[in-house]
4 protein chains.
Amino acid sequence: MHRSQEPDQVGKPSTRDRIHEVIFETETPSGKAFDVVLLVFIVASVIIVLLESMEIYRQRFGTYLTALEWFFTIAFTIEYLLRIYSVYKPGKYIFSFFGIIDLLAILPTYIGLFIIGSHYLVVIRALRLLRIFRVFKLVNFLRQGQIIIESLRRSIPKITVFFFFILIVVTIIGSIMHVLEGGFNPGFSSIPKSIYWAIVTLTTVGYGDITPQSDPGRFLSAFVMVLGYSIIAVPTGIIASDLLRVPSSKEDVSNQSCRYCASEGHDPDAVFCKYCGERLNP
Amino acid sequence: MHRSQEPDQVGKPSTRDRIHEVIFETETPSGKAFDVVLLVFIVASVIIVLLESMEIYRQRFGTYLTALEWFFTIAFTIEYLLRIYSVYKPGKYIFSFFGIIDLLAILPTYIGLFIIGSHYLVVIRALRLLRIFRVFKLVNFLRQGQIIIESLRRSIPKITVFFFFILIVVTIIGSIMHVLEGGFNPGFSSIPKSIYWAIVTLTTVGYGDITPQSDPGRFLSAFVMVLGYSIIAVPTGIIASDLLRVPSSKEDVSNQSCRYCASEGHDPDAVFCKYCGERLNP
Amino acid sequence: MHRSQEPDQVGKPSTRDRIHEVIFETETPSGKAFDVVLLVFIVASVIIVLLESMEIYRQRFGTYLTALEWFFTIAFTIEYLLRIYSVYKPGKYIFSFFGIIDLLAILPTYIGLFIIGSHYLVVIRALRLLRIFRVFKLVNFLRQGQIIIESLRRSIPKITVFFFFILIVVTIIGSIMHVLEGGFNPGFSSIPKSIYWAIVTLTTVGYGDITPQSDPGRFLSAFVMVLGYSIIAVPTGIIASDLLRVPSSKEDVSNQSCRYCASEGHDPDAVFCKYCGERLNP
Amino acid sequence: MHRSQEPDQVGKPSTRDRIHEVIFETETPSGKAFDVVLLVFIVASVIIVLLESMEIYRQRFGTYLTALEWFFTIAFTIEYLLRIYSVYKPGKYIFSFFGIIDLLAILPTYIGLFIIGSHYLVVIRALRLLRIFRVFKLVNFLRQGQIIIESLRRSIPKITVFFFFILIVVTIIGSIMHVLEGGFNPGFSSIPKSIYWAIVTLTTVGYGDITPQSDPGRFLSAFVMVLGYSIIAVPTGIIASDLLRVPSSKEDVSNQSCRYCASEGHDPDAVFCKYCGERLNP
């Protein structure tokens, strides 16, 4: 973590190293300050995207919003270039997940200069929000996120099976409802539409834009509802039981100091002390 | 708990002490009686707030409702003054959470005398309900509440991460839906509105006031529903697994009698006997 | 269980005993047959109640339905009288939970003779369904029900606290929404109506008959939805964790044979063998 | 698994054996390839069923869809005949679950030749999707599915009791609502319709096509919602706690190698090594 302890030049760190420290590190004061500013910029730039989409604000404050949009775009562009400059392997960064997100955060505004009616770019601009995860390292919450993600990763195969099952169920139910109500109820005029209804019902969302109008249709609906109400328990049960297995041991390690060298701050999944190499207590 | 055992005057307790006992204690007979009366008053005064908001009752029983409102306000005012009088550090009470709630319970009626159309005060009057928590000490349920709160407190960091994740998801999905349906569907005319729809859908509430009308919109909706239906499992899993870790040891202690002095009634989080100081069994 | 082993008359059992065996016992052949017939009668009589409430069937088959209703009423009346006759303490039976349900199952039809337009009695007639629980002893499922009920009983105090909390939350949110939208949105014209909306939203039912129409209203709604979506985890977590604590030991005992006398069929909550009195293994 | 190790002919396997291997085996290269092709065919043929149900596609591409439908039907017919041919006991296969599904996948197209307006057959054609489960053996996910199914099987008795309870609750609540609102609200004109509403509400689906319009009706609705919101916890708790009991030991065995002969790949529910017969570690 502490680059200065690495024997890379012994003397004063280069400008490039200092830029790297500010942008990429999260535990030095300047790195923290940078992250906070970045967080504010990301949130502010997304709020501008939201405001621009609202008729009233676009008409009243259109010029200001465009100006701010350019301000943030230029700020993110400088940040992007500095990231490329300060990293040892720019190619790897550029094509990494966050590298692409960083690029997507600035591209739409430039593209908007050349293409008229680039309405669709608004989605890409909203993707900026994903940059928040980069800053998230700042917060203490990261470890908690890791616990959730770890247990979700364990749950993935079981939950995938579950979704295949749901997909098959809604297709068959959608077909039955299409046959039952398709003749007189425009909401069930095609099977894909009926599948949409089945998903709306099974997930207990229940918009009510498509509802059964015959007695057999209502009966099948009631069955789908009770089914959905019950099988919601399956993913919950899976995740709850996987959560129960994962975190206990993990938390212990990450809060633990090595018994040999008293060092702290070990990764949640560390088995050996990263400083002296002795085994950590499970 | 037993003030009389404290060597504060040895002789007869002062009026101030007796008022304190009645108002603040919950285990003496007079304290219990006071709490029951207070509970009835709080519930009754909130019911009056509800009735006043209903056209029919306001027109028919308006005078009675106002009279009752004044009766409860004066009762609560007397109680509030007695609380200030009987407490050793009134400043600390006044600015405590319950002190402010107690004040807010009486202020709106007085303010209504001077300001016409103080419609917004109805919210503050409804806050009276929070005073119920004060009386709640009366009931045996408090300990159960502590178990829930304790496990919720443990879950907070994980659940916060989860909400950040949801916030980012609904923003991105809202943007996509705005692009997909914004052109022809007034429900998606702006991104904030689309985010509102995404929340309605993801949480499986599904009002149906805004629904997708195109095939790609329906497809994305179905995806959001299944996502919401699945990730509802995450907070449940978190809380369930945290609940499983917390209460077992707690409950044991609270039902346990000390092995050294046979005393009972220890607090759920006690580690040592409160009478003889020996360690309680975990 | 085996009345014949009881030294009540040594010789042939009396008619009264035999009636008792048929009606109340569930493990003798005649008792089982009686229970099956009763189950069919109960379900059939409730289906008739449902059909009578439907315009089409009432008009077409009105006479048959009335005839069948009288058939079942008379059958249940005979059963009721036989139950009173065969029981040693009729008074205790008559005023027991099932005794009252049994009486309510037959009363409405007789009352309908004297009172015209006894529409409300339909509810009482539907209560017949509760008689199913009596027959339920027949099925092997009873034990499973006991496990659920046991863990629910453990959860009651925690869940009661939870409901008080929800009640307070929906009252306060209802008041805020009444202030925010009450002026122009008829759905929030009174606080009780707004509380109804808050419950519809918090429980993720989401009828859509009352929806917010202003931006602040939508924002608060979104908050309520996310709140409801999250706190649904609390009762689930409570019940899941209580279920995990209860059943394991119970099931062991109920499937276990006594180590001293090899007898089986012990109650789930038995601690000692009911035949030889030795301690069962936990 | 490896038929070639069976002493069935020592020499070259017969054509029949090779067909069997291709069609039924999943771990040989040819078997895997066959399964992948079959999976693609099943999904494609179901997509055609969906497209045919949509007016636009039926009108534009009707001829192509019919051609493709015949192509898949003939492919499935050949597969079906080969299955019958290659299996040692064709009768057992034909009347097995998958045998019937395989037949149903091809029948509708042939029947459609003779019967005009065989609209209902679309449901049977959608059942083809169930054939996916046959191919599912291919994927590693199967074991995960077994864990879910195993814990669901354990939960069945408890969940059945739960559903009987729900059925009784919605019938009684439906009757009450019919009495309360039936007079003026067409949505509650009959008890079955009111039961449908009760299910829509209890499962938190909440279409909003039928909503209470009186104050007592709203009050009862709110009660049903809170009830549904709470008891959703019961099946979740049941399944979560059963999931927690099942998989741990199972997974161990399936990942374990025998301590006596070092063989691996034991079934999740194996107790003894399938190669040397020694007990596997639990």
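Residues numbered from 1 in each chain as written. Chains lettered and ligands numbered in written order. Predicted model: local features only at pLDDT ≥ 70, side-chain atom pairs only at ≥ 80, totals over all residues. Heavy atoms only, no water.

Considerations on the interface of chain A and chain B
Here is step 1: Between chain A and chain B, the residue contacts involve 46 residues of the former and 44 residues of the latter.
Here is step 2: Interface area for chain A against chain B, summed over the two sides, is near 4,000 Å², with a carbon-plus-sulfur share of 80%.
Here is step 3: Seen at the junction of chain A and chain B, the total is zero salt bridges.
Here is step 4: Inspection of the region where chain A meets chain B yields four residue pairs in polar contact (both at pLDDT 80 or more).
Here is step 5: Of all the elements in the fold, those that place two or more residues in the side of chain A that touches chain B are helix 2 (29-52), helix 6 (121-126), helix 7 (132-136), helix 8 (142-181), helix 9 (191-202), helix 10 (215-231), helix 11 (233-245) and helix 12 (247-254) of chain A.
Here is step 6: Among the elements that take part in the side of chain A that touches chain B, helix 8 of chain A stands out by supplying seven residues, more than any other. (Contact = heavy atoms within 4.5 Å. Buried area = accessible area lost by both parts, 1.4 Å probe. Salt bridge = Lys/Arg side-chain N within 4 Å of Asp/Glu carboxyl O. Polar contact = N/O pair within 3.5 Å; in protein donor to acceptor, adjacent residues only side chain to side chain. Helix = DSSP H or I, 4+ residues; strand = E, 2+ residues; numbered from the N terminus.)

Concerning the packing of helix 1 (residues 15-24) of chain B against helix 3 (residues 55-86) of chain B
Residues and elements named next belong to chain B.
Here is step 1: Running from N to C, helix 1 and helix 3 cross one another at 125°; their axes reach a closest spacing of 9 Å. Looking at the two axes, helix 1 sits oblique to helix 3. Taken as a pair, helix 1 and helix 3 cross one another with a handedness that is left-handed. Residue-level contacts link Arg16, Ile19, His20, Ile23 and Phe24 of helix 1 to Glu79, Leu82, Arg83, Tyr85 and Ser86 of helix 3.
Here is step 2: Broken down by class, the residue content of the contact of helix 1 with helix 3 amounts to five nonpolar, two polar and three charged. (Axes fitted to C-alpha atoms, helices over the stretch in contact; angles between N-to-C directions. Parallel < 35°, antiparallel > 145°, perpendicular 65-115°, else oblique. Left-handed = near helix turned anticlockwise from the far one by under 90°. Nonpolar A, V, L, I, M, F, W, Y, C, P; charged D, E, K, R; others polar.)

What about the domain arrangement of chain A?
Here is step 1: With domains assigned, chain A is organised as domain 1 (15-137) and domain 2 (146-244).
Here is step 2: One C-alpha centre belongs to domain 1 of chain A, the other to domain 2 of chain A; they are set 38 Å apart. (Domains from an automatic or database assignment.)

Here we look at the packing of helix 3 (residues 55-86) of chain D against helix 5 (residues 97-114) of chain D
All names here are of chain D.
Here is step 1: It is at 9 Å that the axes of helix 3 and helix 5 come closest, and there the two elements cross at 140°. Considering the angle they form, helix 3 stands oblique to helix 5. Classified by chirality, the crossing of helix 5 by helix 3 is left-handed. Contacts from Glu69, Trp70, Thr73, Ile74, Phe76, Thr77, Tyr80 and Arg83 of helix 3 reach helix 5 at Gly99, Asp102, Leu103, Ile106, Thr109, Tyr110 and Leu113.
Here is step 2: Residue classes in the contact of helix 3 with helix 5 are distributed as eight nonpolar, four polar and three charged.

Here's the deal with helix 5 (residues 97-114) of chain A
Residues and elements named next belong to chain A.
Here is step 1: Relative to the 26 Å expected for 18 residues at 1.5 Å per residue, helix 5 spans 26 Å between its end C-alpha atoms, a close match to the ideal helical length.
Here is step 2: Along its length, helix 5 reaches its greatest deviation from straightness, about 35°, at Leu107, and the proline Pro108 lies no more than four positions downstream.
Here is step 3: Every buried residue of helix 5 is listed here: Gly99, Ile101, Asp102, Ala105, Ile106, Pro108 and Thr109. (Expected span 1.5 Å × (residues − 1). Bend = angle between axes of the 7 residues up to and from the residue. Buried < 20%, exposed > 50% of the residue type's maximum accessible area, 1.4 Å probe, protein only.)

Regarding the relation of the copies chain A and chain B
Here is step 1: The operation relating chain A to chain B is a screw motion whose rotation component is 90°, with 0.0 Å of axial translation and a residual RMSD of 0.0 Å. Within this description, the copies of the chain are treated as partners about a four-fold rotation axis.
Here is step 2: A share of only 15% of the interface residues of chain A reappears at the interface of chain B, consistent with the copies meeting through non-equivalent patches. (Least-squares fit on C-alpha atoms with pLDDT ≥ 70 in both.)

So, the interface of chain B and chain C
Here is step 1: Contacts between the two partners involve 47 residues from chain B, matched on the other side by 44 residues from chain C.
Here is step 2: Approximately 4,000 Å² of surface area, both sides summed, lies buried where chain B meets chain C, with 80% of it carried by carbon and sulfur atoms.
Here is step 3: In terms of surface lost to chain C, no three residues of chain B exceed Tyr196, Val205 and Tyr207 of chain B, which account for 16% of the buried area on that side.
Here is step 4: If you look at where chain B meets chain C, you find zero salt bridges.
Here is step 5: The tally of links between chain B and chain C comes to four residue pairs in polar contact (both at pLDDT 80 or more).
Here is step 6: Those elements that provide at least two residues to the side of chain B that touches chain C are helix 2 (29-52), helix 6 (121-126), helix 7 (132-136), helix 8 (142-181), helix 9 (191-202), helix 10 (215-231), helix 11 (233-245) and helix 12 (247-254) of chain B.
Here is step 7: No other element matches the seven residues that helix 8 of chain B contributes to the side of chain B that touches chain C.
Here is step 8: Classifying every residue of the side of chain B that touches chain C by side-chain character gives 34 nonpolar, 10 polar and three charged.

Comments concerning the packing of aromatic side chains
Here is step 1: Within this structure, the stated rule accounts for 40 aromatic pairs over all chains.
Here is step 2: Judged by centre distance (6.5 Å) and plane angle (25°), the ring pair of Phe72 of chain A and Phe76 of chain A falls under stacked. Within this pair, Phe72 of chain A and its partner Phe76 of chain A are both found in helix 3 (residues 55-86), separated by four residues, close to a single helical turn. Of the two residues, Phe72 of chain A and Phe76 of chain A, both sit in the buried class.
Here is step 3: Grouped by ring-pair contacts, the aromatic residues Phe41, Phe71, Phe72 and Phe76 of chain A constitute a single cluster.
Here is step 4: Lying across the ring of Tyr196 of chain C, Arg218 of chain D places its NZ or CZ 5.2 Å from the centre. (Phe/Tyr/Trp six-rings, centres within 6.5 Å; stacked < 30°, edge-to-face > 60°. Lys NZ or Arg CZ within 6 Å of the ring centre and 35° of its normal.)

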